[in-house]
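Given next are the chains, with one letter for each unit.
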Amino acid sequence: MYFYFRYECGGKFSKFDVDNLAGQMRKNGYPCHVSNTAGTYVCNALCYHLLNFGIPTLFIHIPLTPKQAATRTAPTPSLPSRLTSEALTELIAILQL
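Residues numbered from 1 in each chain as written. Predicted model: local features only at pLDDT ≥ 70, side-chain atom pairs only at ≥ 80, totals over all residues. Heavy atoms only, no water.

Points about the overall build of the protein chain
Here is step 1 of the chain: If you tally the helices and strands in the protein chain, you get four helices and five strands.
Here is step 2 of the chain: Helices (α) and strands (β) of the protein chain occur, in sequence order from the N terminus, as β-β-β-α-β-α-β-α-α.
Here is step 3 of the chain: A burial count over the protein chain gives 28% of its 97 residues as buried.
Here is step 4 of the chain: Long-range contacts, defined as pairs at least 24 residues apart, comprise 66% of the intrachain contacts of the protein chain with a sequence gap of at least 6. (Helix = DSSP H or I, 4+ residues; strand = E, 2+ residues; numbered from the N terminus. Buried < 20%, exposed > 50% of the residue type's maximum accessible area, 1.4 Å probe, protein only. Contact = heavy atoms within 4.5 Å.)

Structure representation (structure tokens):
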């Protein structure tokens, strides 16, 4: 059950302090994990191009709902929609967007 904060995309790094953001989210009761990559293909390409154009970028993979995760053959992180919504609202407040 994690939000994955990604901060490296094709050798380019987010200017957001993702370790601090994830720590604040965990302190507020939301499971979080910091990853060094945005994954492969579409996610990485999107993140790379946003950073390449100088757009402040914080790439977040939002977990599946438990119902969605149950359809996967491998164990998959999940979080109920209500908690995902609360966590995103909290993140926006932390970022002061």
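Thoughts on helix 1 (residues 18-27)
Here is step 1 of the chain: Within the sequence span of helix 1, burial applies to V18, L21, A22 and M25. In an axial view of helix 1, the angular spread of the buried residues amounts to 95°, which keeps them on one side of the axis.
Here is step 2 of the chain: Positioned one or two residues after helix 1, G29 has a phi angle of 95°, which is positive. (Arc of directions from axis to C-beta.)

Focus: the pattern of salt bridges
Here is step 1 of the chain: According to the stated counting rule, one finds one salt bridge in the structure shown.
Here is step 2 of the chain: Salt-bridge contacts for R82 lead to E86; the nearest nitrogen and oxygen are separated by 2.9 Å. Of this pair, R82 and E86 both sit in helix 4 (residues 81-95), four residues apart, roughly one helical turn.
Here is step 3 of the chain: On the basis of relative accessibility, which here comes to 32%, the residue E86 falls in the partly exposed class. (Salt bridge = Lys/Arg side-chain N within 4 Å of Asp/Glu carboxyl O.)

Remarks on the nonpolar core
Here is step 1 of the chain: Counting ten residues, the largest nonpolar core consists of V18, L21, A22, M25, Y30, C32, L58, A87, L91 and I94.
Here is step 2 of the chain: The set of elements that each furnish at least two residues to this core consists of helix 1 and helix 4.
Here is step 3 of the chain: Among the elements that take part in this core, helix 1 stands out by supplying four residues, more than any other. (Core = buried A, V, L, I, M, F, W, Y, C linked by side-chain atoms within 4.5 Å.)

Some thoughts on the packing of helix 1 against helix 4
Here is step 1 of the chain: Put simply, helix 1 and helix 4 touch, their axes get as near as 11 Å, and they point 130° apart. Taken as axis vectors, helix 1 and helix 4 run oblique relative to one another. Relative to helix 4, the crossing made by helix 1 is right-handed. Counting all contacts with helix 1, which are made through L21, Q24 and M25, the residues of helix 4 involved are A87, E90, L91, I94 and L95.
Here is step 2 of the chain: Looking at the contact of helix 1 with helix 4 residue by residue, the classes come out as six nonpolar, one polar and one charged. (Axes fitted to C-alpha atoms, helices over the stretch in contact; angles between N-to-C directions. Parallel < 35°, antiparallel > 145°, perpendicular 65-115°, else oblique. Left-handed = near helix turned anticlockwise from the far one by under 90°. Nonpolar A, V, L, I, M, F, W, Y, C, P; charged D, E, K, R; others polar.)

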